Amino acid sequence: MKVEDTDERYREAGRASTVVSPNTDIVTGEGVGLVLPTVTLGTRVFSAFIDYSLYTLIAGVAAYYTVRFWQPDNFAQVMTVISVAVVVWAIFMPFIVQYGTRGSSLGRLLTRSRTVRYDGGAIGLRHALTRAVAGLFDIHLTIGVLGIFSIMMTPQGQRTGDALAGTIVVRWPKKFKGPEPHEVHPSLQAWAQVATTQTIPGNLSIVARDFLRSTKHMTEETRTTRGRQLAAELEQYVAPPAPRGTHPEAFISTVLAMREAVDYRLESKAMERQFATEGKLATLPYSIH
C-alpha cells in the first residue's frame, strides 16, 4: 500500500458527516455494522399470510380430532374450547415459533427475512412474547390495519409489537456471514502496542467498515478523499495520534482491529462473570436438590 507524503496529514481533509440510513444498517453492541436492510410491507404481509395459513391448518386438524373424540356437555364448554383455541392460534403458536427459531418461521424462511433485535442479535423470550401478545391488537383485533399503519409510518418498518419489543424485521441471506475481523497494519504494529482507543460511535464504525469493503469500487480520488475524512474522524477516539505519513486505510483498519480486540476482552470478562454467578446459583443454598 502506497504511503502518502508526510506533509499531507490525513486530518487536513477535515471532518465529514457520517450518516447511516436506519433502513439499511444495524449497529451491533460492539459497533459492528451489519448491512441488513429492512423488508418491505408487501414482504411482511406475504410472510404473515404464510405463517397464519400454517397455524390455521394446524388448528383445523386439532379441531377435527377434538370434535371427533370429545363431545361437550354444554354450551359453556364449547365457548371455553373456542376461546382457548383462539388464544393458542393468535398468541401461543406465533410465540412458540418465533422463540423456538429465534426470530424465524416458515414465512420468514420463504421470504428470506428474520426478526432481530435493534443490535442485530437473536430475539429472546421477552421479545417473542411481547410481539405475540401485541399481535392480538395490531394484527387480529384491527384486521391488520394498526400493524400496516405502524409499518408504513416508522422508519424501520416496525409494527406496534416490534416497537414494544425492540425488534425489527430484516432481509436475511441464506448464508449470512458475520463481519470479518480487521487486522493491525504492519506499518502500525509498534504504534498499536502503545495506543489506546475510546468507544467509537456505532455509525462511524459502520461507515469505516463499509469504506474498507468498497474501496475496490471507488475511483482513486474518491478513495483518497474519503479515506482521509474517515481517518480524521477516527483520530479523535485514539491516543496518541498515529505517526505522520500513515496511510488513511492502514490507520482505519488498525483502529478497528484495536477496538475489536478491546470489545472481545470486555465481552469475555462479562461472560466469565456470568458463568461464575450461574455456578454459585447452582449450588446450595440457592439451588434446589
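Residues numbered from 1 in each chain as written. Predicted model: local features only at pLDDT ≥ 70, side-chain atom pairs only at ≥ 80, totals over all residues. Heavy atoms only, no water.

Colleague: Residues and numbers for the overall build of the protein, please.
Modeller: When helices and strands are counted, the protein shows 10 helices and 6 strands. Taken over 289 residues, the protein has a buried fraction of 38%. A total of about 17200 Å² of accessible surface is found on the protein, and carbon and sulfur atoms cover 63% of it. (Helix = DSSP H or I, 4+ residues; strand = E, 2+ residues; numbered from the N terminus. Buried < 20%, exposed > 50% of the residue type's maximum accessible area, 1.4 Å probe, protein only. Areas by Shrake-Rupley, 256 points an atom, 1.4 Å probe, with all protein chains shown as cover.)

Colleague: Report on the pairing of strand S3 (residues 113-117), specifying residues and quantitative values.
Modeller: Most of S3 sits out of view: 4 of its 5 residues are buried. Note that S3 and strand S4 (residues 167-171) share 5 bridges and pair antiparallel. From the neighbouring strand, arginine 117 faces S4, where its bridge partner is threonine 167. (Pairing = 2+ DSSP bridges.)

Colleague: Explain the nonpolar core to me, using residue names and the numbers behind them.
Modeller: Of all hydrophobic cores here, the largest spans 21 residues; its most connected members are Trp191, Leu234, Phe251, Ile252 and Val255. Looking at this core, the elements that each hand over two or more residues are helix H7 (189-194), helix H8 (202-214), helix H9 (220-235) and helix H10 (248-281). The biggest single contributor to this core is H10, with 6 residues. Look past the residues within four positions of leucine 234 in its chain and what remains in contact with it is Ile200, Leu204, Ala208, Phe251, Ile252 and Val255. (Core = buried A, V, L, I, M, F, W, Y, C linked by side-chain atoms within 4.5 Å. Contact = heavy atoms within 4.5 Å.)

Colleague: Can you lay out the packing of aromatic side chains for me, pointing to particular residues and giving the numbers?
Modeller: Summed over the entire model, instances satisfying the criterion amount to 6 aromatic pairs. When the centroid spacing of 5.9 Å and the interplanar angle of 5° are considered together, the rings of phenylalanine 95 and tyrosine 99 count as stacked. A residue pair is termed a helical-turn pair when its members lie 3 or 4 positions apart in one helix, as phenylalanine 95 and tyrosine 99 do in helix H2 (residues 75-100) at 4 residues. Residue classification places phenylalanine 95 among the buried positions, given a relative accessible area of 14%. Accessibility expressed as a relative area gives 29% for tyrosine 99, which makes it partly exposed. Note that arginine 102 overlies the ring of tyrosine 99, its terminal NZ or CZ placed 4.7 Å from the centroid. (Phe/Tyr/Trp six-rings, centres within 6.5 Å; stacked < 30°, edge-to-face > 60°. Lys NZ or Arg CZ within 6 Å of the ring centre and 35° of its normal.)

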